[in-house]
Amino acid sequence: MLLVSSLTDRVVAHVRDGIRHQRYVPGEIYSVYQLAEALGVSRSPAREAMMRLSEAGLVEIARNRGFRVVLPQARDVAEIFAVRLALEPAAARRCGERRVDLSGAFASLTAAEQEGDEAAFWEADQALHDAILRGAGNARAAAVVASLRATTALLGPPTSHAGRSLREIRDEHAPIVEALCRHDGEAAEEAMRDHLVRTGRLLVAQVAASTPGSTDPEATDPDALWAEVVGRSL
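Values in this document were obtained by computation on a predicted structure and should not be read as measured data.

Looking at the domain arrangement of the chain
In step 1: Segmenting the chain into domains produces domain 1 (7–69) and domain 2 (74–230).
In step 2: Placing a centre on the C-alpha atoms of domain 1 and another on those of domain 2 gives a separation of 27 Å.
In step 3: Domain 1 puts four residues into the contact, and the matching count from domain 2 is five residues.
In step 4: For the pair domain 1 and domain 2, the summed buried area comes to about 450 Å², and 62% of that belongs to carbon and sulfur atoms.
In step 5: On inspection of domain 1 and its partner domain 2, the count reaches zero salt bridges.
In step 6: On inspection of domain 1 and its partner domain 2, the count reaches zero residue pairs in polar contact (both at pLDDT 80 or more).
In step 7: Classifying every residue of the side of domain 1 that touches domain 2 gives two nonpolar, no polar and two charged.

What follows is the structure, given as C-alpha cells:
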C-alpha cells in the first residue's frame, strides 16, 4: 500500500510538472496507459493519480480515452485564496504568540531576490509560508496550502503574471516577519492578510484577462468575483 501511494505521488508530481512546463496542454487527450508505461509504473497508480488530479480540478477524465488538462480559472483562484485567507493570517497571529523566529527564512528570500534567482526566490517564498503554518502548530494546514499553491503555480511564474517584481513581493513579506520578530501576533495577522489579498486579487484579474472576448461575468469582472467568493471587505 505504501509503495502504491509513493508511485501515485510520483505520477501526480510528473503530471503537475508537465502541465507547468506545458508538456501537457489543455485540449489534448493523453493516454493513462502511455503515461504509466513512460514512467515505468503499473496502471493502478496511474489511474489513482488521475482520480486525485481530477478531484483537484486539474484534469478531466475522458472515459476509455485518457485525460485532458484543465487549467485553473478565475473562480478557482479566488476559491484558493479564500481558503488561504482562512488559514494563513490566523497562523501568523499564532506564530507571534508562540514567539517563532522566522528571520532565517526571510533572509533566504531576501538573498534570492538580491541575486535575481527567481527559482530560489519562489522556493524561499513557499518555505516561509510553510514555516509560518508549521510554526503555528498546524502541519495539516501547511499541507493544504502547499497543494493549493501547487495548483496556482500551474498558471506560470507569479512575478511576470501578476506584474510585480521580486523586490515588491519580498517587501510585502517584510511586515509579516518584522511583526513576528516583535512577537506582535495581531500585526503579523494583518500583514499576512494584506499580502494574500494583494496577491490573490492580482492573480484573479490576470486569469480573467487571459480569456479575452469572453462574455462570462466571472471573466469580465474579477472584482465582483472576488467580492462574491472571498468577501467585499477583503
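A look at the pairing of strand 2 (residues 59–62)
In step 1: As paired elements, strand 2 and strand 3 (residues 66–69) share four bridges and run antiparallel to each other. Within strand 3, the residue paired with Val59 across the bridge is Val69.
In step 2: Hairpin connection, strand 2 to strand 3: the antiparallel pair is bridged by three residues, and Asn64 has positive phi, about 60°.

Considerations on helix 5 (residues 103–115)
In step 1: Compared with the 18 Å implied by 1.5 Å per residue over 13 residues, the 18 Å span of helix 5 between its first and last C-alpha is a close match.
In step 2: Buried residues of helix 5: Phe106, Leu109, Thr110, Ala112 and Glu113, and no others. All buried residues of helix 5 lie within an arc of 160° about the axis, which places them on one face of the element. Looking at helix 5, the residues exposed on the side facing more than 90 degrees away from the buried face are Gln114 and Glu115.
In step 3: Buried residues in helix 5 make contact with helix 6 (118–135) and helix 9 (166–181).
In step 4: A positive backbone phi angle near 70° is found at Gly116, which sits one or two residues after helix 5.

Regarding unusual backbone geometry
In step 1: At Gln22, a residue that is not glycine, the phi angle is positive and equals roughly 60°.
In step 2: As for its position among the elements, Gln22 is in the loop between helix 1 (2–20) and strand 1 (29–30).
In step 3: A relative accessible area of 62% means that Gln22 is categorised as exposed.
In step 4: Phi angles above zero are rare outside glycine, and Arg99 is one such case at about 60°.
In step 5: By secondary structure assignment, the location of Arg99 is in the loop between helix 4 (74–98) and helix 5.

Describing the sheet that holds strand 1
In step 1: Read from one edge of the open sheet, three strands run 1-3-2, paired in antiparallel fashion. Strands at the two margins of the open sheet, each flanked by one partner only, are strand 1 and strand 2.

Structural notes on the pattern of salt bridges
In step 1: Following the criterion strictly, the structure yields 20 salt bridges and no others.
In step 2: Asp171 is the salt-bridge partner of Arg170, the closest N and O atoms lying 2.9 Å from each other.
In step 3: For Asp223, the salt bridge identified is with Arg201, shortest N-O distance 3.1 Å. Of this pair, Asp223 sits in helix 12 (residues 222–229) while Arg201 sits in helix 10 (residues 185–209); the two residues are 22 residues apart in sequence, bridging distant segments of the chain.
In step 4: Using a relative accessible area of 31% as the deciding quantity, one classes Arg201 as partly exposed.
In step 5: Connected through shared salt-bridge partners, Arg93, Glu189, Glu190 and Arg193 make up one network.

Topic: a negative patch on the surface
In step 1: On the surface, Glu115, Asp117, Glu118 and Glu123 cluster together into a negatively charged patch.
In step 2: Residue position: Glu115 is located in helix 5.

How each quantity is defined
Residues numbered from 1 in each chain as written. Predicted model: local features only at pLDDT ≥ 70, side-chain atom pairs only at ≥ 80, totals over all residues. Heavy atoms only, no water. Domains from an automatic or database assignment. Contact = heavy atoms within 4.5 Å. Buried area = accessible area lost by both parts, 1.4 Å probe. Salt bridge = Lys/Arg side-chain N within 4 Å of Asp/Glu carboxyl O. Polar contact = N/O pair within 3.5 Å; in protein donor to acceptor, adjacent residues only side chain to side chain. Nonpolar A, V, L, I, M, F, W, Y, C, P; charged D, E, K, R; others polar. Pairing = 2+ DSSP bridges. Helix = DSSP H or I, 4+ residues; strand = E, 2+ residues; numbered from the N terminus. Expected span 1.5 Å × (residues − 1). Buried < 20%, exposed > 50% of the residue type's maximum accessible area, 1.4 Å probe, protein only. Arc of directions from axis to C-beta. Patch = residues over 30% accessible without salt bridge, like charges linked within 9 Å, V, L, I, M, F, W, Y side chains within 5 Å. Areas by Shrake-Rupley, 256 points an atom, 1.4 Å probe, with all protein chains shown as cover. Lys, Arg positive; Asp, Glu negative; His and termini not counted. Charge placed at Lys NZ, Arg CZ, Asp CG, Glu CD.

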